[in-house]
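Chain by chain, the residues:
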Amino acid sequence: MKLVTSLGLVVKGVLLMKKLALAAAAISALFTGTASAADLAARPYTKAPPMVAAVYDWSGFYIGANGGWGTSHNCWTNTSVIGIPLPPASEGCHDADGGTVGGQIGYRWQAGAWVFGLEAQGNWADFRGSNVSLLGAPLVNRSKIDAFGLFTGQIGYATNNVLFYVKGGAAVTDNRYEGLFLGTVVDRAEDTRWGATVGAGLEYGFAPNWSFGVEYNHLFMGTNNYAFNFLGVNTRNDDIKQDADLVTARINYRFGGPAVARY
């Protein structure tokens, strides 16, 4: 009987100890959870860092090459023969066209989406054309542009690595004018003439520091009077009006970083 009583007391003691252990664990968990919540409440709220986008920057010096096609429209008006002034008489017009290749160097700076620049361009050209003079069927007038240069300012608008721009400034052409009689040159005049140019272009940054584009320019070269000579003797004088159109593909290398980080 005593043994049974003792066993009963032991079982009750074990059950009581289990209840006390569970109560202690519950109280510990309660205080631990409260502390963790307090820690979280005490910590300042931190936003996730914003994403960084790489934006193409057009600023910097650049150098490049270009090539394409051009045409020059020339109208000749005779004003004198062997030094004797005559009433102006049209000799007709013709287009002188052909290929061109050259290079350019410039500087751009970017303010927001707007891009401003200065550029100098020099090209070799082979623009040739002729027509039979309206003053005499055997006489043929021929024009040739050997080279040209453009000195321009630019204003553009960039959408990341795509740039649209317009340009304008001064133009210069190196010209040769000849009269041919039955295929033989009988008189000649040469000149470097200055005028103005306006144009527009589209350029695409396809790799770090490299861009490719296409460009159109119109040259307003005005009217100049030329004294034609044969063996040093003045044969005639002509007013020659000239303008030109150019379409070129361009590739540029820009010195400086390819992009800036913006948030």
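What comes next is a walk through the structure. Since the model is a prediction, treat every value here as computed from it, not as a measurement.

Further remarks concern the sheet that holds strand β8 (residues 210-230). Spatially, β2-β3-β4-β5-β6-β7-β8-β9 is the arrangement adopted by the 8 strands of the closed barrel, whose pairing is antiparallel. On average, each strand axis in the sheet is tilted by 15° relative to the strand beside it, whichever way the strands run. Inspection of the sheet shows strand β7 (residues 184-207) paired to β8 by 12 bridges, in the antiparallel sense. Within β8, the position partnered with Ala200 by the bridge is Tyr216.

Right, let's talk about the pairing of β7 for a bit. As judged from the 20 bridges shared by strand β6 (residues 162-181) and β7, these two strands associate in the antiparallel manner. Pairing of Arg176 across the sheet is with Glu190, part of β7. Between β6 and β7, which pair antiparallel and follow one another directly, the connecting turn spans 2 residues, one of which, Leu182, has a positive phi of 55°. Taken together, β7 and the strand that follows it, β8, pair antiparallel across an intervening segment of 2 residues, in which Asn209 is found at a positive phi of about 75°.

Before going further, it helps to examine the nonpolar core. Membership of the largest hydrophobic core is limited to 11 residues, which are Ala96, Ala125, Phe127, Ile145, Phe148, Leu150, Ala171, Leu219, Met221, Ala244 and Leu246. Of all the secondary structure elements, the ones that give two or more residues to this core are β4 (114-132), β5 (139-159), β8 and β9 (233-254). Top element by residues in this core is β5. It accounts for 3 residues. The residues contacting Leu150, other than those within four sequence positions of it, are Glu119, Ala120, Gln121, Ala170, Ala171, Thr197, Asn217, Leu219 and Leu246.

Cut-offs and rules
- Residues numbered from 1 in each chain as written.
- Predicted model: local features only at pLDDT ≥ 70, side-chain atom pairs only at ≥ 80, totals over all residues.
- Heavy atoms only, no water.
- Pairing = 2+ DSSP bridges.
- Helix = DSSP H or I, 4+ residues; strand = E, 2+ residues; numbered from the N terminus.
- Axes fitted to C-alpha atoms, helices over the stretch in contact; angles between N-to-C directions.
- Core = buried A, V, L, I, M, F, W, Y, C linked by side-chain atoms within 4.5 Å.
- Buried < 20%, exposed > 50% of the residue type's maximum accessible area, 1.4 Å probe, protein only.
- Contact = heavy atoms within 4.5 Å.

Functional significance is not addressed by these values, which are geometric in nature.
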